[in-house]
Amino acid sequence: MGGASCKRSPEPIDHGFNQPVNPDLYAYAYFKPGTYWVYQDSVSGILDSVYITFANKGTYTNGDKEVAKGLYRGTFSWFTCDAISSYDHYRYRNWMDQSYEVNGSAPTVYRERYIMPGSGNINGETIHISIVAIGEQLTSYPGYIYFESFYNILNINSNIFQNIQKWLNNKSMIDDKQNTKYFISKNIGIIRREQLDSNRTWNLIRYHIIQ
């Protein structure tokens, strides 16, 4: 007569999300007050001073109560930082919320433009950077975002920058639907913006960074 068999109970499965943030998201896109960039327009020579007015970051945890409301379970990191342009007077925001990665989406920082007194009248949003392979194309209304290339070193107006991502924003909503190329340097931010439809290029000529 055979003895009773004993089955091991399955290990509990954690359906939550608790992963470290890719540090490049902060290095390329998160800056604190005291940070500023001065750009010069290649066409007119006009200067644009862009300065950080607000920054914050942290984590939050969603449990049963939040899941019941349709939110994801887990612990998520987030950040946001705002800057004002002296040229067009818009407010620009870089932001990241790690909950967007739950379903396998790439780690991504978004960039938004908000109407302010003295600015134009069109808000907008685009993808600022994303941790994807060179050549990968991402969807963003009304066009697409394309990670075009990466430079170890780039010289712009005698300034040497390192670890630069080059992105093509097709019909960029924060560039009045122009096709625009962004050159973004690690620990510096945007160093060059080429607005292709108007043949206008904004180059970084001075800056002070606090991260």
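See the structure shown above.
For the structure given in this document, a descriptive report is provided here. (Residues numbered from 1 in each chain as written. Predicted model: local features only at pLDDT ≥ 70, side-chain atom pairs only at ≥ 80, totals over all residues. Heavy atoms only, no water.)

## Points about the overall build of the chain
Next up, step 1: What the chain contains, in helices and strands, is 2 helices and 12 strands.
Next up, step 2: Secondary structure elements of the chain, listed N to C terminal, follow the sequence α-β-β-α-β-β-β-β-β-β-β-β-β-β.
Next up, step 3: In terms of overall dimensions, the chain is more spread out than a globule: its C-alpha atoms have a radius of gyration of 21 Å, far above the 17 Å expected for 211 residues.
Next up, step 4: Taking all 211 residues of the chain together, 44% fall into the buried category.
Next up, step 5: By sequence separation, contacts in the chain at least 24 residues apart represent 46% of the contacts at least 6 residues apart. (Helix = DSSP H or I, 4+ residues; strand = E, 2+ residues; numbered from the N terminus. Rg over C-alpha atoms; globule rule 2.2 N^0.38 Å. Buried < 20%, exposed > 50% of the residue type's maximum accessible area, 1.4 Å probe, protein only. Contact = heavy atoms within 4.5 Å.)

## Some points on the nonpolar core
Next up, step 1: Among the nonpolar cores identified, the biggest contains 40 residues, and Trp167 and Ile191 are the most heavily contacted of them.
Next up, step 2: Ranked by the residues each element gives to this core, the list is headed by strand β8 (residues 143-156), at 4 residues.
Next up, step 3: If we skip the residues at most four places from it in the chain, Ile191 touches Tyr39, Leu154, Ile156, Phe161, Ile164, Phe183, Ser185, Trp202, Asn203 and Leu204. (Core = buried A, V, L, I, M, F, W, Y, C linked by side-chain atoms within 4.5 Å.)

## Some words on the sheet that holds strand β2 (residues 47-62)
Sheets are built from strands paired through backbone hydrogen bonds, the pairs being either parallel or antiparallel.
Next up, step 1: Strand order in the open sheet formed by 12 strands is β6-β5-β4-β3-β2-β1-β12-β11-β10-β9-β8-β7, with antiparallel pairing between adjacent strands. This sheet does not close on itself; its edge strands, each paired only once, are β6 (124-130) and β7 (137-140). Ignoring which end each strand starts from, the neighbouring axes of this sheet average 25 degrees apart.
Next up, step 2: When strand β3 (residues 74-85) meets strand β4 (residues 91-97), the two strands line up antiparallel, connected through 7 bridges. In the sheet register, Asp82 faces β4, and the bridge partner there is Arg93. (Pairing = 2+ DSSP bridges. Axes fitted to C-alpha atoms, helices over the stretch in contact; angles between N-to-C directions.)

## Quick notes on the pairing of β7
Next up, step 1: Judged by which residues are buried, β7 turns out to be one-sided: Leu138 and Ser140 face inward and are buried, whereas Gln137 and Thr139, on the alternate face, are not.
Next up, step 2: Pairing of β7 with β8 involves 4 bridges; the strand directions are antiparallel. Residue pairing for β8: Leu138 is matched across the bridge by Ile145.

## Some thoughts on the layout of surface pockets
Next up, step 1: Estimates place the volume of the largest pocket at around 170 Å³.
Next up, step 2: Only β11 (189-195) and β12 (200-208) provide two or more residues apiece to the lining of the largest pocket.
Next up, step 3: Grouping the amino acids of the lining of the largest pocket by side-chain chemistry returns 5 nonpolar, 2 polar and 6 charged. (1 Å grid on protein atoms, 1.4 Å probe; cavity = no way out; pocket = protein on both sides within 12 Å on 5 of 7 lines; lining within 4 Å. Points joined across faces, edges and corners; volume = space filled by probe spheres on them. Nonpolar A, V, L, I, M, F, W, Y, C, P; charged D, E, K, R; others polar.)

## Looking at the packing of aromatic side chains
Next up, step 1: Inspection of the entire model under this criterion finds 13 aromatic pairs.
Next up, step 2: Seen from their ring centres, Tyr26 and Tyr30 are 6.0 Å apart, and the 85 degrees between their planes marks the pair as edge-to-face.
Next up, step 3: Here Tyr151 and Phe183 contribute two aromatic rings whose centre-to-centre distance is 6.2 Å and whose plane-to-plane angle is 20 degrees, an arrangement assigned as stacked. Of this pair, Tyr151 sits in strand β8 while Phe183 sits in strand β10 (residues 178-185), and the two are 32 residues apart along the sequence.
Next up, step 4: Classification of Tyr151 by relative accessible area gives partly exposed; the value is 25%. (Phe/Tyr/Trp six-rings, centres within 6.5 Å; stacked < 30°, edge-to-face > 60°.)

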